[in-house]
Every structure is written in C-alpha cells, then in structure tokens.
Amino acid sequence: MGKAWGETFTVSTPGSNGKPITFKEMAREIANRLIRIFTRDAAGRRPVYGGSVKFQTDPHWRDHILFYEYFHGDNGAGLGASHQTGWTGLVASLIDEWR
C-alpha cells in the first residue's frame, strides 16, 4: 500500500484535517472507517444495524453480521440487499488484516 509512491509522497485530505498523509495512512483510515460500520461501539451497537432493535440486542441475531449492498452516509446503517457477498464481504478480510 503506497509502495509505488513511497513514504515521502503525501497528500492532504479532509479526513486528515489538512495534515499531509501517505497513501498507506490513507488506506488504513479508509479500512478503519469501513471496519467501524460492522464493529460494536462503546454502547455495544453496530452502525450497520441502524435502529433495528432486534439485530442490535437479540442474542440470537446481534453477532450475525449482514453485508448490505450499500450504507447510509451519515450513520452507516446498512441499506439495500442484506445478502451481499461482493465488495462488502471484503470487510471481513480488512478486519483480519488490519485488526
């Protein structure tokens, strides 16, 4: 990640508050944002499940992660088809590699 441009090439992004970051740092931040959609926050809620009480609290459902087609831009709630095995399934690989 970022090998082609090296560690000396940096860019400023809105997410870095204007601080120059490398492509490797940018990739890590994007991966962490995607991972946070599926992991529990401090309150034990997963953004992917939005306001769905059943998926947030039911012990039979809360640990069965669904990979939705797309996500709400403000809160991360899963939208569209919930049986995707495409790009959203790659988040499992990101969790394995980055966490």
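Quick summary incoming for the structure in this document. (Residues numbered from 1 in each chain as written. Predicted model: local features only at pLDDT ≥ 70, side-chain atom pairs only at ≥ 80, totals over all residues. Heavy atoms only, no water.)

## Some words on the packing of helix α1 (residues 23-38) against helix α3 (residues 91-98)
Working step 1: Across the interface, α1 lies against α3 with an axial gap of 9 Å and an inter-helix angle of 115 degrees. For the pair α1 and α3, the sense of crossing is left-handed. Mapping the contact onto sequence places A27, R28, A31, L34, I35 and F38 in α1 and V91, L94, I95 and W98 in α3.
Working step 2: For the contact of α1 with α3, the per-class residue count stands at nine nonpolar, no polar and one charged. (Axes fitted to C-alpha atoms, helices over the stretch in contact; angles between N-to-C directions. Helix = DSSP H or I, 4+ residues; strand = E, 2+ residues; numbered from the N terminus. Left-handed = near helix turned anticlockwise from the far one by under 90°. Contact = heavy atoms within 4.5 Å. Nonpolar A, V, L, I, M, F, W, Y, C, P; charged D, E, K, R; others polar.)

## Considerations on the pattern of salt bridges
Working step 1: With the rule as written, the count across this model stands at five salt bridges.
Working step 2: The salt bridge involving R33 is made with E29; its shortest N-O contact spans 2.9 Å. Taken together, the residues span about one helical turn, with R33 and E29 both in helix α1 at a distance of four residues.
Working step 3: When salt bridges with common partners are traced through the structure, they connect E29, R33 and R36 into a single cluster. (Salt bridge = Lys/Arg side-chain N within 4 Å of Asp/Glu carboxyl O.)

## Brief notes about α1
In an α-helix, one turn spans 3.6 residues, which is why side chains three or four residues apart end up on the same side.
Working step 1: Along its 16 residues, α1 runs 24 Å from first to last C-alpha, staying within 8% of the 22 Å computed at 1.5 Å per residue.
Working step 2: Looking at α1, one finds that the buried residues are A31, N32, I35, I37 and F38. (Expected span 1.5 Å × (residues − 1). Buried < 20%, exposed > 50% of the residue type's maximum accessible area, 1.4 Å probe, protein only.)

## With respect to the environment of G18
Working step 1: Within the element layout of this structure, G18 appears in the loop between β1 (11-12) and β2 (20-21).
Working step 2: For the pair G18 and Y70, spaced 52 residues apart in sequence, the C-alpha to C-alpha distance is 28 Å.
Working step 3: Beyond its immediate sequence surroundings of up to four residues, G18 is in contact with S12 and T13.

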